[in-house]
Amino acid sequence: MNRSTTFAKEILWALLVLAALLAIPYLTASRVALDFVIRLAAFGIFATSLNILIGYGGLVSFGHAMFFGGGAYAFGLLMQKAGTSIPVAMLGAVLFCALLGLVIGAICVRLKEIYFSFLTLAFAMLLHSVILSWISLTGGDQGLMGGIPRPVFFGIDLSKTTTLYGFACVVGVLSLLLMRALLQSPFGYTLRMVRDNAERARFLGINVWRIKLYAFIIAAGFAGIAGSIMALFVSGAYPEFAYWTMSGEAIFMIMMGGLHVFIGPVIGAALLLLFNDMVTRFTELHGLALGVIVLIFALGFKRGISDFLVQFIRSLKKKRVTP
Amino acid sequence: MNPTELFECVTSLSCIVTQTSTGLIVGALLFLVATGLTLIFGVLGVINFAHGSLYMLGAYLGLTGYRMTGSFLLATLIAGAGVGLFALLFERFFMRRVYNADVLMQLLVCYAFILILDDAVKLIWGAEFQSMGMPDAFQAPPLFVGGGIIPLFYLVLIAAAAVIALVLWYVLTKTRTGKIVRAAAHNPTMTSALGLNTNLIYAGVFACGGVLAGMAGALAAPVRSMSPGMGFSILIESFIVTVIGGMGSVSGALVGALLIGLVRSFGSIGFPSFVEGIMFLAMALILVLKPSGLMGREPRV
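The shown structure was predicted, so the numbers you read here are calculated from the model rather than taken from an experiment.

### Observations concerning the overall build of chain A
Inference 1: In terms of helices and strands, chain A carries 14 helices and zero strands.
Inference 2: Helices and strands in chain A line up, N terminus first, as α-α-α-α-α-α-α-α-α-α-α-α-α-α.
Inference 3: In terms of overall dimensions, chain A has a C-alpha envelope of 65 × 50 × 45 Å along the principal axes.
Inference 4: Split into buried and exposed, the 323 residues of chain A put 54% on the buried side.
Inference 5: Taking as baseline every contact in chain A between residues at least 6 positions apart, the subset at least 24 positions apart corresponds to 76%.
Inference 6: Put simply, chain A shows about 14,700 Å² of open surface, and 69% of that area lies on carbon and sulfur atoms.

### Some words on the overall build of chain B
Inference 1: Along the backbone of chain B there are 12 helices and two strands.
Inference 2: Counting only C-alpha atoms, chain B reaches 60 × 50 × 35 Å along its principal axes.
Inference 3: Taking the contacts inside chain B whose residues are at least 6 apart along the sequence as the reference set, 77% of them involve residues at least 24 apart.
Inference 4: Carbon and sulfur atoms make up 69% of the accessible area of chain B, which amounts to about 12,900 Å² in all.

### Focus: the confidence of the model for chain A
Inference 1: Residues of chain A with pLDDT of at least 70 account for 98%, and the chain-wide mean is 87.
Inference 2: Least confident of the elements in chain A is helix α14 (residues 305-321) of chain A, whose mean pLDDT is 77; most confident is helix α10 (residues 208-234) of chain A, at 94.

### Re the packing of helix α2 (residues 13-44) of chain B against helix α11 (residues 250-270) of chain B
Residues and elements named next belong to chain B.
Inference 1: Contact pair α2 / α11: the axes reach a minimum separation of 6 Å and the direction vectors enclose 140°. The handedness of the crossing between α2 and α11 comes out as right-handed.
Inference 2: Here the contact of α2 with α11 is composed, by residue class, of 17 nonpolar, nine polar and one charged.

### What to know about the interface of chain A and chain B
Inference 1: Every contact between the two is made by 36 residues of chain A and, on the other side, 36 residues of chain B.
Inference 2: In total, chain A and chain B occlude about 3,500 Å² of area from one another, counting both sides; carbon and sulfur atoms represent 86% of this.
Inference 3: Joining chain A to chain B, the criterion identifies zero salt bridges.
Inference 4: At the level of elements, α5 (113-133), α11 (244-257) and α13 (286-301) of chain A are the ones that each hand at least two residues to the side of chain A that touches chain B.

### What to know about the packing of aromatic side chains
What characterises a pair of aromatic rings is the spacing of the ring centres plus the angle enclosed by the ring planes.
Inference 1: Applying the stated criterion across every chain yields a total of 24 aromatic pairs over all chains.
Inference 2: Centre to centre, the rings of A:Y238 and A:F241 are 5.9 Å apart; their planes meet at 90°, and the pair counts as edge-to-face.
Inference 3: Here A:Y238 falls in the partly exposed class, since its relative accessible area comes to 28%.
Inference 4: The ring of A:Y189 carries the charged tip of A:R192 above its face, separated from the ring centre by 4.2 Å.
Inference 5: Its end group placed over the ring of B:F93, B:R92 keeps NZ or CZ at 5.6 Å from the ring centre.

### Quick look at the environment of B:S292
Residues and elements named next belong to chain B.
Inference 1: Structurally, S292 is set in the segment after α12 (275-289).
Inference 2: Under the relative-accessibility criterion, S292 is labelled buried at 3%.
Inference 3: Each C-alpha atom, one on S292 and one on V181, is 20 Å from the other, the two residues being 111 residues apart in sequence.

### Here we look at the nonpolar core
Inference 1: Counting residues in hydrophobic clusters, the biggest one holds 217 residues, and the most contacted among them are A:F75 and A:F118.
Inference 2: Examining the composition of this core, we find that 17 residues originate from one element, α10(A), more than from any other.
Inference 3: When neighbours within four sequence positions are excluded, A:F75 is seen to be in contact with A:I86, A:A89, A:M90, A:A93, A:I148, A:S228, A:A231 and A:L232.
Inference 4: Judged by nonpolar contacts, the second largest core, of five residues, contains B:L6, B:C9, B:C15 and B:I269.

### Quick notes on the pattern of salt bridges
Residue and element names in this part refer to chain A.
Inference 1: Across all of its chains, the model carries eight salt bridges over all chains by this definition.
Inference 2: Note that R180 is salt-bridged to E10, the shortest N-O span being 2.7 Å. You can see R180 sitting in helix α7 (residues 161-184) and its partner E10 sitting in helix α1 (residues 3-27), a full 170 residues away along the chain.
Inference 3: Accessibility expressed as a relative area gives 17% for R180, which makes it buried.
Inference 4: A relative accessible area of 21% places E10 in the partly exposed class.

### Thoughts on the side chain of B:S249
Residues and elements named next belong to chain B.
Inference 1: Position of S249 relative to the elements: it lies in the loop between α10 (231-245) and α11.
Inference 2: Given the relative accessible area of 8%, S249 is considered buried.
Inference 3: Within the structure, S249 has its side chain in polar contact with the side chain of S251 (distance 3.5 Å).

### Examining the confidence of the model for chain B
All names here are of chain B.
Inference 1: Averaged over all residues, the pLDDT of chain B is 86; the fraction at 70 or higher stands at 98%.
Inference 2: For chain B, per-element mean pLDDT is lowest for helix α1 (residues 3-10), which scores 76, and highest for helix α4 (residues 72-93), which scores 93.
Inference 3: For this predicted complex, the interface score ipTM comes out at 0.80, alongside a pTM of 0.85.

Cut-offs used in this document
Residues numbered from 1 in each chain as written. Chains lettered and ligands numbered in written order. Predicted model: local features only at pLDDT ≥ 70, side-chain atom pairs only at ≥ 80, totals over all residues. Heavy atoms only, no water. Helix = DSSP H or I, 4+ residues; strand = E, 2+ residues; numbered from the N terminus. Buried < 20%, exposed > 50% of the residue type's maximum accessible area, 1.4 Å probe, protein only. Contact = heavy atoms within 4.5 Å. Areas by Shrake-Rupley, 256 points an atom, 1.4 Å probe, with all protein chains shown as cover. pLDDT = per-residue confidence, 0-100. Axes fitted to C-alpha atoms, helices over the stretch in contact; angles between N-to-C directions. Left-handed = near helix turned anticlockwise from the far one by under 90°. Nonpolar A, V, L, I, M, F, W, Y, C, P; charged D, E, K, R; others polar. Buried area = accessible area lost by both parts, 1.4 Å probe. Salt bridge = Lys/Arg side-chain N within 4 Å of Asp/Glu carboxyl O. Phe/Tyr/Trp six-rings, centres within 6.5 Å; stacked < 30°, edge-to-face > 60°. Lys NZ or Arg CZ within 6 Å of the ring centre and 35° of its normal. Core = buried A, V, L, I, M, F, W, Y, C linked by side-chain atoms within 4.5 Å. Polar contact = N/O pair within 3.5 Å; in protein donor to acceptor, adjacent residues only side chain to side chain.

Written out as structure tokens, the structure is:
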């Protein structure tokens, strides 16, 4: 089977999932379910964009939240102060994050391993500090106050919850498809080669630094979309969006869902969101429960849930072939 | 932002004395925590992201120890021993399993422990802020130097940190144990081939890091309020210190800790909301210009 038919199949799957998601509001009037999917769209894009760096590029960024927060603030400020329409503001947020990613990435991707991780962390915390102290623009630790307007565009009115839900679903599925296409393109395979053996890639005439930088910029741009959806949903932007715990959460989603399967981070995001909602309802000791589950994943499965399943299925198939 | 106040401060002796003494105790505490972190990284090659939680555990153990014995010295020793023991178990049963896994797995295990320890502290000592109060032995009028105020306990704290630093320096450079530890850091395979038990060395270094963090927590107890989650900020600051000083370098941790302590105490006058920003800016600059840090060797390949 060649690549284009495989991809056509994936588009078909994506459309099916999208149709199923869009059918949910007709089946249930529960706001909880809709809110969950909107948050999942934001965090699914965010975690998957980080996985472009971690899973496909081998670049463990500890500071990806700077693009989530940066996107949320750029989107919110464009809506509040410049009064642009929602698509324009989203595009602006993506451009802002891509530019930020270009500048910071150009500095960071030179470094290796833990030094890269720490430098990204430093820049993310720097942005967090700027957000906290530039009170006249960002509102400081109070966050972007006053709400974000949701003007009608192309006849779409996002002030209705069901419309906002549909919008988040469409943007989420499209972003995931786009990232999938990028990772299945020659660029995606070059990135995998750089991850596995940078030396070899260099000998084949690949500019390793540039490939890593492209990955960094792309990941930043998609995190900007995620941030915009989040800002739209909560109608504001908060410094916590750019804090290091947010980066940690994304890493955790990736590790929980699995980093070698494309959809893994989305599964991880769903699991973590579900878990957070469930546990806070039953017990005060949220951290204790979450910590034990993390330990089970890290020391028991030793990999994310989707990686675990893929390996499990493969081992079953192998047994069937060679009895 | 208020640069004029900072300027007024650095031109008055009393303000310089007060702020320097504050900066020095912050630096001394940071040094104790960051040294453990940097030692563990230097010898084991792993980053103990749960190191801040060991500091928190030390503070709470110190609090209980002080309430039980009434002696601050005993409380500090109890905290050091307790946290050292905890670190030993943590290394033996959890961290050792992920030494050969990638850094993300180590991060995950530590993250789990950060969450668990925060809630464990909440269960045992309560979620609200606690404070030890100044121990009776140090309830003396503060010293006045050049118009600046230096509480007596600050001197005790700085002296205690200095003694610990000296002991550490002596053990690492002058004794056989220190030689073995440095050998294990330099080439673990060769060390192990020479018949030395590297597992034991790793456990010892981890426990030593725990003792230092625990004592730092207890020493900080009289001047800091305690709450679950207090480990977060000291962890981040210790990262900054280790990176600035050079990862794996103990002398670098000393320089970095004092630098960050002074930046924090003087920075909080001039630009309170951007002190963190300055620290991270310094960290980024060091990583870009000299990734091995001020005192570090070139990174291991």
